[in-house]
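Working through the structure, step by step
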Amino acid sequence: MSDSHTSNPLFNEQPVGVIGSGNFGTVIANLLAENRNVWMYTRRQEVVDAIENARLHRGQQINPRIKAVTDLAEMARNCTLIFPMLPSKFFRDAMQQMGPHLTPAHILIHGTKGLDVQLPQFEAHDIREFKLGLHQVKRMSQVIAEESCVLRIGCISGPNLSGEISKHLPAGTVIASRFNEVIEEGKAALRSDRFMVFENNDLVGVEMAGVLKNILALGSGMVTGLGLGENARALMITRGWRELMRLGELFGSDKNAFMGLAGIGDMIATCSSPLSRNFDVGFRLAKGETLAQIIASMDEVAEGVNTVKTAMALIRHFGIHSPLIKSFHLVLFEDVPIKDAIKQLLSHKHGPDVDFL
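For every chain, the first residue of the written sequence is number 1, and numbering continues from 1 along that sequence. For a predicted model such as this one, the threshold for reporting local features is a pLDDT of at least 70, and the threshold for listing and counting side-chain atom pairs is 80 or more; totals across whole chains, interfaces and linings nevertheless cover every residue. Neither water nor hydrogens contribute to the side-chain values; these are computed over all heavy atoms in the structure.

1. Structural notes on helix 8 (residues 180-190)
Rule in force here: In this scheme, a residue with accessible area under 20% of its type's maximum is buried, one over 50% is exposed, and one in between is partly exposed, where area comes from a 1.4 Å probe on protein chains only. Only runs of H or I of at least four residues qualify as helices and only runs of E of at least two qualify as strands under DSSP, and these elements are numbered from the N terminus. Directions are taken from the helix axis to each C-beta atom, and the arc is the one they span. Contacts are assigned to residue pairs that have any heavy atoms within 4.5 Å of one another.
For helix 8, the complete set of buried residues consists of Val 182, Ile 183, Gly 186, Lys 187, Ala 189 and Leu 190. Taken down its axis, helix 8 places every buried residue within 165° of arc, on the same side. Elements that come into contact with the buried residues of helix 8 comprise helix 2 (23-32), strand 6 (81-84), strand 7 (107-110), strand 10 (152-157), strand 11 (171-177) and strand 12 (195-200).

Written as structure tokens, this is what we have:
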């Protein structure tokens, strides 16, 4: 225990909760444990046993201040500050389970970079025609609000590759919320001499920047896998950023959030690192694997795949010009070879360089 920890007034007070024991959830739990006692929720008792006995999970040493639990109600009774770190497809179910045990006194700061779609029967529709309105697509902060009485909601987002943070390499993030007290509680719990925490009051913008940049990480992986060079990658990212910002505006996000750590910062990290699951999916597609083969081999969700599907359904509904996202959709869900999709993309008319600021 460091001197800074012993002098921290929050130390040894009420534990902080983390819902989810994936790579990022485990990283966040270890970061929090540098300042506070932590309860980490997992669905499986064997994971609890492994954490409690070996103090090792997903290749990460588990801080002795972390306690693994399987009871969400017990966590709600003992933790006021809770960090849900779940894949988007499990998020609403977890909130429905926990919602009855939460009160307005709770603060929830999620780290999920995906969207909740109200029509899960995607496969029942022709994927080439499927459309979604905004009332059918929810951000995770909206899911928390719908499934609980919690008002003080925030999110954490930024260039936070778990493989690097778990090695104690320096990093930074942003906590966003409409409530300053949420930001201050989150910062006090997370920040350390190796992890910087910035703040933003644009919750919608930070959530959407973190969600949408995964689309470009997929594309960057494809361009890299095809060996098209850095010029092509820069072209794809820059033009794609324009499309993402316009999608973000649909949800009411401010463009400034896309210029910070949750936007450009996360984009730089995930569009250039093989540690990004979404980059890895794009790279492997370019090397000839099918999407089904790649998904079957991954132990965690690449949120960008479903985000492309959701984004394309929104683009059809609102009639937005988004040639890059359309090209990614052709490759992922319409069996169009990547090289043919790129050929279609290059045939589009070229307009102004910067028309989105």
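So much for the structure itself; the text now carries on.
2. Things to note about the nonpolar core
In plain terms, the rule: Put simply, a nonpolar core is a bunch of buried Ala, Val, Leu, Ile, Met, Phe, Trp, Tyr and Cys residues held in one set by side-chain atoms that sit within 4.5 Å of each other.
Judged by nonpolar contacts, the single largest core of 58 residues is most densely connected at Leu 216 and Val 281. Ranked by the residues each element gives to this core, the list is headed by helix 9 (residues 203-226), at 13 residues. Formed by 32 residues, the second largest nonpolar core is a distinct cluster that contains Val 47, Val 48, Ile 107 and Ala 189.

3. Remarks on the packing of helix 10 (residues 229-250) against helix 16 (residues 323-333)
Defined as follows: To obtain each axis, a line is fitted to C-alpha atoms, and for helices this fit is confined to the stretch in contact; angles are then taken between N-to-C directions over 0 to 180 degrees. Here roughly perpendicular refers to angles of 65 to 115 degrees, roughly parallel to angles under 35, roughly antiparallel to angles over 145, and oblique to all remaining angles. When residues are grouped by polarity, Ala, Val, Leu, Ile, Met, Phe, Trp, Tyr, Cys and Pro land in nonpolar, Asp, Glu, Lys and Arg in charged, and all others, Gly among them, in polar.
Running from N to C, helix 10 and helix 16 point in directions that differ by 100°, and their axes come no closer than 8 Å. One way to sum up the angle between helix 10 and helix 16 is to call them roughly perpendicular. On the side of helix 10, the interface is formed by Met 236, Arg 239, Gly 240, Glu 243, Leu 244 and Leu 247, while helix 16 contributes Pro 323, Leu 324, Ile 325 and Phe 328. In the contact of helix 10 with helix 16, the residues fall into 7 nonpolar, 1 polar and 2 charged.

4. So, the pattern of salt bridges
Should the charged atoms of two oppositely charged side chains come close, the side chains can pair. Heads up, the condition is: By definition here, a salt bridge exists when the distance from a side-chain nitrogen of Lys or Arg to a carboxyl oxygen of Asp or Glu is within 4 Å.
Taken as a whole and assessed by the stated rule, the structure comprises 16 salt bridges. Residue Arg 55 is joined to Glu 52 by a salt bridge in which the shortest nitrogen-to-oxygen separation is 3.5 Å. Classification of Arg 55 by relative accessible area gives buried; the value is 18%. Glu 52 sits in the partly exposed class, given a relative accessible area of 35%.

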